[in-house]
Amino acid sequence: MMTVHEVSQLAGVSVRALHHYHQIGLLRPAKISEAGYRLYDDAALERLQYILLFRELQFPLREIKGILDSPDFDRNRALEQQIALLRMKKEHLENLIDLACGIKMTGVKNLDFTAFDTKKIDEYARQAKESWGHTPEFRQFQEKAKGRTREQEREISVDLMGILAKFGEMQQLDPAERSVREQVKKLQDFITEHFYDCSNEILWSLGQMYAGGGSMTENIDKAGGEGTAEFAARAIQAYCDR
């Protein structure tokens, strides 16, 4: 586990920014210590890497949250884009270094500004950004999130976690029992109302994410008790199998 100050130094992100990411639900710490310190695990650090990638692609924070929370998020594609973008930036920096060394050795004789040109990087960022906005779920998320205040976003996140926490009280029940199915339907309807059309296929994928480990699983278990995320996933599977 790393403290918020350690993560700030590691990633080059201000503590204030990390606090803001937590407040808007973009990057939640894995746990809060008894002393009130935010602590981040490997899963949270991995998510931070993706956040920083999409910041490089000039996505607003609200849209980044929609992408990362989508069951269709393709981590391999994101990493491929990150590698390509970093290579272009490396080439750009090497050109600037060569230019500076040339000026130091011979003086400014040829007024060549091509080394300062970032059109190639900007065009790649534009194309990459467009590629993430094509899924209907992401477009729906953008439309539904339009005009929401920070407080409204926070309330929605709290309400969603409240619905998930309720599964913790049902762990002694059969996941296929009617009351459990009704809770799953409540979750599905909430996601459809506030984020995107939550089909059974998407809902099933979300269930796998809930129980997949990392900060998401830990946050759900923290809200509803140990085993809540795993039971929610089994309840969702039972619901979708019907």
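In the block above lies the structure referred to throughout.
About the thresholds
Along each chain, residue indices are assigned from 1 in the same order as the chain's sequence is written. Local features in this predicted model are restricted to residues whose pLDDT is 70 or higher, and side-chain atom pairs enter the listing and the counts only when it is 80 or higher, whereas totals over whole chains, interfaces and linings include all residues. Side-chain metrics in this entry use all non-hydrogen atoms of the structure; hydrogen atoms and water are not considered. We count a stretch as a helix when DSSP gives it H or I for four or more residues in a row; a strand needs E for two or more, and each element gets its number in order from the N terminus. Here the term cavity refers to a set of points on a 1 Å grid, laid over the protein atoms alone, in which a 1.4 Å probe fits but cannot get out; the term pocket refers to an open set having protein on both sides within 12 Å along at least five of seven lines, with lining residues being those that place an atom within 4 Å of a point. Grid points are joined across faces, edges and corners, and a volume is the space filled by probe spheres set on the points. Here the term charged refers only to Asp, Glu, Lys and Arg, the term nonpolar to Ala, Val, Leu, Ile, Met, Phe, Trp, Tyr, Cys and Pro, and the term polar to all other amino acids, Gly among them. What we call a nonpolar core is a set of buried Ala, Val, Leu, Ile, Met, Phe, Trp, Tyr and Cys residues that are connected through their side-chain atoms within 4.5 Å. Three exposure classes are used, based on accessible area relative to the maximum for each residue type with a 1.4 Å probe and protein chains only: buried under 20%, partly exposed in between, and exposed over 50%. Residue contacts are defined here by distance: any two heavy atoms, one from each residue, within 4.5 Å place the two residues in contact.

Novice: An account of the environment of His 19 is needed here, citing residue identities and associated values.
Specialist: The topology assignment puts His 19 in helix α2 (residues 15–23). Along the sequence, His 19 and Arg 38 sit 19 residues apart, while their C-alpha atoms lie 8.9 Å from each other.

Novice: Could you give an account of the layout of surface pockets, with specific residues and numbers?
Specialist: Taken as a whole, the largest pocket spans an internal volume of roughly 770 Å³. As for the largest pocket, its lining consists of 34 residues, and the residues nearest its centre are Arg 47, Leu 68, Asp 69, Met 209 and Met 216. Every element with two or more residues in the lining of the largest pocket is listed here: α3 (42–56), α4 (61–69), α8 (150–165), α10 (200–210) and α11 (214–224). Examining the composition of the lining of the largest pocket, we find that 5 residues originate from one element, α11, more than from any other. Grouping the constituent residues of the lining of the largest pocket by class yields 19 nonpolar, 9 polar and 6 charged. Quantified by volume, the second largest pocket comes out at close to 310 Å³. Contributing elements (two or more residues each) for the lining of the second largest pocket: α2, β2 (31–32), α8 and α11. With 4 residues, α8 is the largest single contributor of residues to the lining of the second largest pocket. By residue class, the composition of the lining of the second largest pocket is 7 nonpolar, 5 polar and 4 charged.

Novice: So what about the nonpolar core? Which residues, and what values?
Specialist: Counting residues in hydrophobic clusters, the biggest one holds 28 residues, and the most contacted among them are Phe 167, Leu 187, Ile 191, Phe 195, Leu 203 and Tyr 210. Of all the elements in the fold, those that place two or more residues in this core are α7 (136–145), α8, α9 (178–194), α10 and α12 (228–241). By residue number, the principal contributor to this core is α12, which donates 7 residues. Apart from residues no more than four positions distant in its own chain, Ile 191 is found in contact with Tyr 196, Cys 198, Leu 206 and Tyr 210.

Novice: Outline α4, supporting the account with residue identities and numerical values.
Specialist: Counting buried residues in α4 gives 7 out of 9 residues, a clear majority hidden from the surface. Among the residues of α4, those classed as buried are Leu 61, Glu 63, Ile 64, Lys 65, Gly 66, Ile 67 and Leu 68.

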